[in-house]
Amino acid sequence: QSALTQPRSVSGSPGQSVTISCSGTSSDVGAYNSVSWYQQHPDKDPKLMIYDVNQRPSGVLDRFSGSKSGNTASLTISGLQAEDEADYYCCSYAGSYTWVFGGGTKLTVL
Amino acid sequence: EVQLVESGGGLVQPGGSLRLSCAASGFMFNDYAMHWVRQPPGKGLAWVSGVSWNSGSIGYADSVKGRFTISRDNAKNSVYLQMNSLRIEDTAFYYCAKKAGSNWYFDLWGRGTLVTVSS
């Protein structure tokens, strides 16, 4: 049960696009189409942004999109806005009724 | 109102025990799996444990296996986390989270309760 690997930080200017990667193994990310992404602002509880690799919950803007290739999933945020600045975490089912999160990525909007 | 409210956190010495509770409201509790996720202050999220709607499936992170026990009481709309043999590295905010039906993700989170393990 090793944590999924995410970059510690990414940054972009307003209006630009950024992509956050989430690297796992053939036992978690690669095995299931279960990757979800959560946004967390300081001192707030996590908010679901993407589920099942590329599905958006109602209320989440289409500026947020997800994808997966092999053992690596990605979250892309286009048209960056100041309010997107937050921590982002990926999560995957890992079999045997266990889940694993990524270490988190701090997004800075310059 | 659809919500999860955690309680039971506090300060405990290494080797001690603590029982966290999570009270659910606003949805059919006994239809959903429930999970605990923790976050050390200033650090990332880590999945701790989960229990299916009927307690038929239960899982634990390796870091807590053998020390923590998850349980639920559908009559009380509550899920619990019994934490024994606590270690300093168990210090964290503990979030209760609802899993979305037969899917893999967590669609409702509580505000968390802080557990501090310190001598």
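Draft legend 1. The arrangement of the sheet that holds strand 8 (residues 78-83) of chain B in detail. Residue and element names in this part refer to chain B. The four strands lie next to each other as 1-3-8-7, forming an open sheet whose pairing is antiparallel. Pairing within the sheet leaves two strands with one partner each, and these edge strands are strand 1 (3-7) and strand 7 (68-73). Neighbouring strand axes in the sheet, compared pairwise and without regard to direction, differ in orientation by 15° on average. Bridge count between strand 1 and strand 3 (residues 18-25): five bridges; the pairing is antiparallel. What sits directly across from Val5, in strand 3, is Ala23.

Draft legend 2. Spatial organisation of the environment of Phe64 of chain A. Residue and element names in this part refer to chain A. Along the chain, the position of Phe64 falls in strand 5 (residues 64-69). Residues Phe64 and Gly79, 15 residues apart in the sequence, show an inter-C-alpha distance of 9.3 Å. In contact with Phe64, not counting residues within four places along its chain, are Gln39, Met49, Ile50, Arg56, Thr76, Ile77, Asp84 and Tyr88.

Draft legend 3. Local environment of the state of the cysteines. Per the counting criterion, the structure on display carries two disulfides over all chains. Two residues share a disulfide in this structure: Cys22 of chain A and Cys90 of chain A, whose sulfurs sit 2.1 Å from each other. Across the S-S bond linking Cys22 of chain A and Cys90 of chain A, the dihedral sits near 80°, which makes this disulfide right-handed. Within this pair, whereas Cys22 of chain A is found in strand 2 (residues 18-23), its partner Cys90 of chain A is found in strand 7 (residues 86-93), the two being separated by 68 residues in sequence. Since its relative accessible area comes to 0%, Cys22 of chain A is described here as buried. A disulfide bridge connects Cys22 of chain B with Cys96 of chain B, and the sulfur atoms are separated by 2.1 Å. Between Cys22 of chain B and Cys96 of chain B the disulfide shows an S-S torsion of about -75°. By sign, it is left-handed. Within this pair, whereas Cys22 of chain B is found in strand 3, its partner Cys96 of chain B is found in strand 9 (residues 92-99), the two being separated by 74 residues in sequence. For the residue pair Cys22 of chain B and Cys96 of chain B, the accessibility class agrees, reading buried in each case.

Calculation criteria
- Residues numbered from 1 in each chain as written.
- Chains lettered and ligands numbered in written order.
- Predicted model: local features only at pLDDT ≥ 70, side-chain atom pairs only at ≥ 80, totals over all residues.
- Heavy atoms only, no water.
- Pairing = 2+ DSSP bridges.
- Helix = DSSP H or I, 4+ residues; strand = E, 2+ residues; numbered from the N terminus.
- Axes fitted to C-alpha atoms, helices over the stretch in contact; angles between N-to-C directions.
- Contact = heavy atoms within 4.5 Å.
- Disulfide = S-S within 2.5 Å.
- Buried < 20%, exposed > 50% of the residue type's maximum accessible area, 1.4 Å probe, protein only.

Keep in mind these numbers describe shape, not what the thing actually does.
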